[in-house]
Amino acid sequence: AEAGPHLLLTALVHGNEIAGGLMLSRWLREGIRPRLGTLSLCFANLAAFDRFDPADPTASRFVDEDLNRVWGQPLEGGRRSAELD
């Protein structure tokens, strides 16, 4: 309720990196809130995570292209992918 820093935590940048997603999900269920400032929780690539299969975990790293590789690419234009969207 008091002003302070804004902390953003990201998880599931890659759909097969599930530990962070599980932790953020737990914090949401438990109602974790900071004493000061703002806490934002970001589940970055849910489309890739929806494809997660423990038998083949690397298959769900991304849908169309590695999210790490879209930065610096034009976000406008004719090229489309789940990660660019």
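The paragraphs below set out a description of the structure included in this document. None of the values given here were measured: they were computed from a predicted structure.

For the protein, the helix and strand inventory stands at two helices and two strands. Radius of gyration (C-alpha) of the protein: 15 Å, far over the 12 Å computed for a compact globule of 85 residues. Considering only C-alpha atoms, the protein reaches an extent of 45 × 35 × 15 Å along its principal axes. Restricting the contact set of the protein to residue pairs at least 6 apart, pairs at least 24 apart contribute 52%. Averaging the positions of the 9 positive and the 12 negative side-chain charges in the protein gives two centres separated by 6 Å.

Glancing now at the side chain of histidine 14. In this fold, histidine 14 is placed in the loop between strand S1 (2-11) and helix H1 (18-30). Overall, the relative accessible area of 3% leaves histidine 14 in the buried class. Of note is the side chain of histidine 14, whose polar atom sits 2.8 Å from the side chain of aspartate 66. Once residues lying within four places of it in the same chain are set aside, the contact partners of histidine 14 are Ser60, Arg61, Asp66, Leu67 and Asn68.

Here we take up the environment of proline 34. Within the secondary structure layout, proline 34 lies in the loop between H1 and strand S2 (36-43). Given a relative accessible area of 30%, proline 34 falls into the partly exposed group. Considered as a pair, proline 34 and leucine 84 are 50 residues apart in the sequence and their alpha carbons are 31 Å apart.

To continue, consider the pairing of S1. Counting buried positions along S1 gives one out of ten residues, so the element sits mostly on the surface. Read as a crossover between parallel neighbours, the route from S1 over H1 to S2 is right-handed.

This part is about the side chain of asparagine 45. On the secondary structure map, asparagine 45 appears in the loop between S2 and helix H2 (46-49). Note on asparagine 45: relative accessible area 5%, which makes it buried. When sequence neighbours within four positions are dropped, the list of residues in contact with asparagine 45 reads Leu12, Val13, Phe62, Leu67 and Glu83.

Here we come to the pattern of salt bridges. Between side chains of opposite charge, a pair can form as their charged atoms come close. Evaluated as defined, the whole model comprises three salt bridges. The salt bridge involving glutamate 30 is made with arginine 26; its shortest N-O contact spans 3.0 Å. Placement of both glutamate 30 and arginine 26 in helix H1 is noted, with a separation of four residues, approximately one turn of the helix. Three or more residues are tied together by salt bridges with common partners; here these are Glu17, Arg61 and Asp66.

Let us now look at H1. Within an α-helix, residues lying three or four positions from one another point in the same direction, as the helix has 3.6 residues per turn. For H1, built from 13 residues, the straight-helix expectation of 18 Å at 1.5 Å per residue is met to within 8% by its first-to-last C-alpha distance of 18 Å. Two residues or fewer past H1, glycine 31 is found with a positive phi of approximately 70 degrees.

Cut-offs applied
Residues numbered from 1 in each chain as written. Predicted model: local features only at pLDDT ≥ 70, side-chain atom pairs only at ≥ 80, totals over all residues. Heavy atoms only, no water. Helix = DSSP H or I, 4+ residues; strand = E, 2+ residues; numbered from the N terminus. Rg over C-alpha atoms; globule rule 2.2 N^0.38 Å. Contact = heavy atoms within 4.5 Å. Lys, Arg positive; Asp, Glu negative; His and termini not counted. Charge placed at Lys NZ, Arg CZ, Asp CG, Glu CD. Buried < 20%, exposed > 50% of the residue type's maximum accessible area, 1.4 Å probe, protein only. Polar contact = N/O pair within 3.5 Å; in protein donor to acceptor, adjacent residues only side chain to side chain. Right-handed = clockwise from strand over helix to strand, strands pointing away. Salt bridge = Lys/Arg side-chain N within 4 Å of Asp/Glu carboxyl O. Expected span 1.5 Å × (residues − 1).

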